[in-house]
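Tertiary structure, described
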Amino acid sequence: MQSTTEMPARSLGTLPALRGSVIRPEDAGYDRARAVFYGGIDKRPAAIVRVADVADVQRVVAMARDGDHELAVRSGGHSIAGHGTTNGGVVLDLRDMAKVEIDAVACTAWVETGATALQVTKAAAEHGLVVGFGDSGSVGVGGITLGGGIGFLVRKHGLTIDSLLAAEVVTADGRHLHTDAERYPELFWAIRGGGGNFGVVTRLKFRLHELKQFTGGVLVLPATPETIAGFSAAALSAPEELTTIGNIMPAPPLPFLPADVHGRLVIFGMIAYAGDPDSAGRAIAPFRALATPIADTVAAMPYAGMYPPEDPNVHPSAIGRTMFVDSIDGPAAKTIFEYLSSSDAAMRVAQLRPLGGAAARVPADATAYAHRSRPMLVNVAAFYEGPEDRRVRAVWVDEFAKAVQPDDTGAYVGFLSDEGESRKRAAYPGATWNRLTRIKAEYDPTNLFRLNQNIPPAHSRVT
Ligand SMILES: Cc1cc2nc3c(=O)[nH]c(=O)nc-3n(C[C@H](O)[C@H](O)[C@H](O)COP(=O)(O)OP(=O)(O)OC[C@H]3O[C@@H](n4cnc5c(N)ncnc54)[C@H](O)[C@@H]3O)c2cc1C
């Protein structure tokens, strides 16, 4: 999200022999290969190494460690802070390691971390199975899982990490460790929410869940303070089979929305019901009753339909803020409506993500995602064009976030941008932070894996 001054790429010297491919600044395709999801992030790595196997990962880790090169680890490139790239360092790009192996009898999947959420979703669906990721099909399985993973099944099946059974990790010293609840249990605890701080995760093993019937789609309602508060209340009291994401934003110019609605504030409600259609209809009725829908595409459909096709050439520049709230009551809904009405950013949004259900039943100290009791995640964001506009939008986003949640009591690491130490600590409160720094000291004492929401090793911790 932030612009970066261009720096000359530093020579890496001779690269080790690799099965995968290396893309350098002089190569055709360099600009495409260095692009990450968000625009406004313009870094120039000395090399992008598209690793082909674990041995390649080990070689790149050794080269970065021994040559003291900044190392960016990239799965899907969706890091909001732009951590999937580097100025002058090396990008370890996992996208060619994307094998998905389903065991339909055991209901498990081994997934290489360069796979996208959509790839895994489609492969599991062939067996009537599912594991929840987020709201974007192109997000990398590596990044979203290591941050936690909050998506369309969060109330029914918990976070993505709540379905994680095991992982394989290349650590800073080059070992390839298999970790699960019994083997290297502290490492397994840390990678479930602690991000990419502990090594390069090459494969993840997920428990898959049966999904025989699914109802989903988009319910678009006019946004008013009343419908916003009503949406929040309905979402929090819904059965846990129903997960919703309420995007309050100007209506985009989509073909299924009438032209006179384009640009007007709407609730663009993503609706996901994991269960039979009759129960889905009953669960969704309170949302449909809030106002006459502007559009309603919610129907029985394959779960993968929640991930519509994306244009890989679109790189929006956005600035945002993430927070937890207990609910969005009348006054908070009015605040949201007023802030969104007062901005002229081409796209601006308040995103309501009710949690609870299965996500809340996991003890707070069972994984590095500690905010189990928080009922709702809210993101506010605006698109920007260029550095000057970014400054304007940043002020608005900051004020908006403070108006919705004056207490900086928590953050979801997956949605953090570069916001400084206190926001990182908000993601990892108290004991979670201390435990993470101890595990970091054990597995990455020199902080090789630092291009992330960085957790410093305990011995070098400055508090
Ligand atoms: C459009 C969009 C929608 C999103 N929606 C959701 C959502 O609904 N729910 C949600 O929970 N999050 C969501 N996110 C946040 C997203 O989960 C995080 O940004 C995540 O880190 C992206 O993962 P990635 O692999 O695509 O990104 P990358 O930029 O490739 O990786 C992000 C960071 O994760 C670490 N990492 C990635 N892969 C590995 C690996 N294999 N081993 C070690 N470290 C690794 C690295 O530190 C890297 O810098 C969204 C982000 C975007 C841009």
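Residues numbered from 1 in each chain as written. Predicted model: local features only at pLDDT ≥ 70, side-chain atom pairs only at ≥ 80, totals over all residues. Heavy atoms only, no water.

1. Quick notes on the pattern of salt bridges
When the charged atoms of two side chains with opposite charge come close together, those side chains can pair. Convention followed: Any carboxyl oxygen of Asp or Glu within 4 Å of a side-chain nitrogen of Lys or Arg constitutes a salt bridge here. Relative accessibility thresholds used throughout: buried, under 20% of the residue-type maximum; exposed, over 50%; partly exposed, between the two (1.4 Å probe, protein chains only). Helix numbering and strand numbering both begin at the N terminus, where a helix is a DSSP run of H or I of at least 4 residues and a strand a DSSP run of E of at least 2.
For the structure shown, the criterion picks out 29 salt bridges. Among the ionic pairs, glutamate 210 bridges to lysine 212, the shortest N-O distance being 3.2 Å. Lysine 212 matches glutamate 210 in its accessibility class, with the two residues each being exposed. For aspartate 389, the salt bridge is made with arginine 393, and the minimal N-O distance between the two is 3.0 Å. In this pair, aspartate 389 and arginine 393 are both assigned in helix α11 (residues 386-404), 4 residues apart and thus about one turn of the helix distant. Arginine 393 sits in the buried class, given a relative accessible area of 11%.

2. Some remarks on the site of the ligand
Filter applied, for reference: One heavy atom suffices: a residue is near a molecule or strand as soon as one of its heavy atoms comes within 4 Å of it. In protein, a polar contact means a hydrogen-donor-capable atom and an acceptor-capable atom, both N or O and within 3.5 Å, with residues adjacent in sequence counting only if both atoms are side-chain atoms; elsewhere, any N or O pair within 3.5 Å suffices. Working definition of accessibility: Shrake-Rupley area with a 1.4 Å probe, residue cover restricted to the visible protein chains.
The immediate surroundings of the ligand are formed by 35 residues, with Ser75, Gly77, Asp135, Ile150 and Tyr412 found nearest. The backbone of serine 75 places a nitrogen or oxygen atom 2.7 Å from an oxygen atom of the ligand. Here an oxygen atom of the ligand and a side-chain polar atom of arginine 353 are 2.9 Å apart. A total of 950 Å² of accessible area belongs to the ligand in isolation, and the protein chains cover 93% of it. Among the secondary structure elements, those contributing two or more residues to the shell around the ligand are β3 (71-74), α4 (141-147) and β10 (200-207).

3. As for the nonpolar core
The criterion, for reference: Buried Ala, Val, Leu, Ile, Met, Phe, Trp, Tyr and Cys residues form a nonpolar core when they are joined through side-chain atoms within 4.5 Å.
Counting 63 residues, the largest nonpolar core has Phe133, Phe206 and Tyr303 as the members making the most contacts within it. Grouped together as the second largest cluster of nonpolar side chains are 41 residues, Tyr273, Val298, Val325 and Leu340 included.

4. Digging into the pairing of strand β13 (residues 242-250)
In regular strands, side chains alternate between the two faces of the sheet. To keep it simple, the criterion reads: Between any two strands, at least two bridges found by DSSP are needed for them to pair.
By the criterion of burial, β13 is predominantly enclosed, with 9 of the 9 residues buried. Relative to strand β14 (residues 265-274), β13 runs antiparallel, the two sharing 9 bridges. Bridge pairing in β14 places isoleucine 245 opposite methionine 270. Sheet topology note: the β13/strand β18 (residues 348-354) ladder contains 3 bridges and is antiparallel. Its bridge partner lying in β18, glycine 246 is registered against leucine 352.

5. As for the confidence of the model for the chain
What counts is decided by this rule: Per-residue confidence from the predictor is reported as pLDDT, a score between 0 and 100. In this description, contact between two residues means that some pair of their heavy atoms is separated by no more than 4.5 Å.
Taken over all residues, the pLDDT of the chain has a mean of 95, while the share at 70 or more is 97%. Confidence drops under pLDDT 50 across residues 1-9; counting only partners more than four residues distant or on other chains, this segment forms 32 contacts.

6. With respect to the sheet that holds strand β9 (residues 176-180)
Counted only if it meets this: Note on geometry: axes are lines fitted to C-alpha atoms, helical ones only across the stretch in contact, with angles between N-to-C directions running from 0 to 180 degrees.
Pairing in this open sheet of 5 strands is antiparallel, and the strands run β5-β6-β10-β8-β9 from one edge to the other. On the outer flanks of this sheet lie β5 (100-103) and β9, each paired with one strand and no other. On average, each strand axis in the sheet is inclined to that of its neighbour by 15 degrees, with strand direction left out of account. Examined bridge by bridge, β5 and strand β6 (residues 108-112) share 4 bridges and lie antiparallel to one another. By the bridge assignment, isoleucine 102 is partnered in β6 with alanine 109.

7. Focus on helix α8 (residues 277-288)
What counts, and what does not: Take the number of residues in a helix, subtract one, and multiply by 1.5 Å to get its expected span. Throughout, the arc means that of the directions going from the helix axis to the C-beta atoms.
Over its 12 residues, α8 runs 15 Å from end to end, which matches the ideal 16 Å to within 8%, given 1.5 Å per residue. When α8 is considered as a whole, its buried residues turn out to be Ser279, Ala280, Ala283, Ile284 and Phe287. Along α8, the residues classed as buried sweep out an arc of 115 degrees about the axis, all on the same side. Opposite the packed face of α8, turned more than 90 degrees from it, sit the exposed residues Asp278 and Arg282. In this fold, the buried residues of α8 make contact with β12 (214-222), α7 (225-237), β13 and β14. Between the side-chain oxygen at the start of α8 and the backbone nitrogen of aspartate 278 there is a gap of 3.2 Å, and the oxygen is on aspartate 276.

8. Section: the packing of aromatic side chains
The cut-off we apply is this: In this scheme Phe, Tyr and Trp rings, the latter by its six-membered ring, pair at centre separations within 6.5 Å, and the angle between planes marks the pair as stacked below 30 degrees, edge-to-face above 60, and tilted otherwise. Each ring is checked for a lysine NZ or an arginine CZ that lies within 6 Å of its centre and within 35 degrees of its normal; such an atom marks a charge sitting over the ring.
Tallied over the full model, the rule gives 12 aromatic pairs. Each ring, one from phenylalanine 256 and one from phenylalanine 268, has its centre 6.5 Å from the other, and the planes form 45 degrees; the classification is tilted. Taken together, the residues span a long stretch of sequence, with phenylalanine 256 in the loop between β13 and β14 and phenylalanine 268 in strand β14 at a distance of 12 residues. We classify phenylalanine 256 as partly exposed; its relative accessible area is 37%. A network of ring pairs unites the aromatic residues Phe152, Phe214, Tyr303 and Tyr307 as a single cluster. Over the face of the ring belonging to tryptophan 189 we find arginine 435, whose NZ or CZ atom lies 3.9 Å from the ring centre.

9. Comments concerning the sheet that holds strand β1 (residues 21-23)
Spatial ordering of the open sheet is given by β1-β2-β4-β3, a layout of 4 strands whose pairing is mixed. A single partner strand is all that each edge strand has here, and the edge strands are β1 and β3. Across this sheet, the average inter-strand angle for adjacent strands is 20 degrees, counted without regard to direction. Across 3 bridges, the pairing between β1 and strand β2 (residues 47-50) is antiparallel. Bridging from a neighbouring strand, isoleucine 23 pairs with isoleucine 48 of β2. The strands that helix α2 (residues 54-67) touches are β2, β3 and β4 (90-93); relative to β4, the one it contacts most, it runs at about 160 degrees.

10. Regarding the environment of tyrosine 307
Relative to the helices and strands, tyrosine 307 is located in the loop between β16 (299-300) and β17 (318-325). Residues tyrosine 307 and glutamate 226 lie 81 residues apart in sequence; the distance between their C-alpha atoms is 29 Å. In this view, tyrosine 307 contacts Ala117, Leu118, Thr121, Phe133, Gly134, Asp135, Ser136, Gly137 and Phe152; residues no more than four positions away in its chain are not counted.

11. Description of the packing of helix α9 (residues 330-342) against α11
As a reminder of what qualifies: When an angle is under 35 degrees it counts as roughly parallel; over 145 it counts as roughly antiparallel; between 65 and 115 it counts as roughly perpendicular; any other value is oblique. Polarity classes work like this: nonpolar for Ala, Val, Leu, Ile, Met, Phe, Trp, Tyr, Cys and Pro, charged for Asp, Glu, Lys and Arg, and polar for all others, with Gly in that last group.
Taken N-terminus to C-terminus, the directions of α9 and α11 make an angle of 170 degrees; their axes are 10 Å apart at the nearest point. By the angle between their directions, the pair α9 and α11 is classed as roughly antiparallel. Contact residues: Thr335, Ile336, Tyr339, Leu340 and Ser342 in α9; Trp396, Glu399, Phe400, Ala403 and Val404 in α11. Looking at the contact of α9 with α11 residue by residue, the class counts come to 7 nonpolar, 2 polar and 1 charged.

12. Looking at the side chain of threonine 367
Within the secondary structure, threonine 367 sits in the loop between α10 (358-361) and β19 (376-383). At 3.1 Å, the side chain of threonine 367 forms a polar contact with the side chain of arginine 372. In this structure threonine 367 touches Ile161, Asp162, Trp189, Arg192 and Arg372, once residues within four positions along its chain are discounted.

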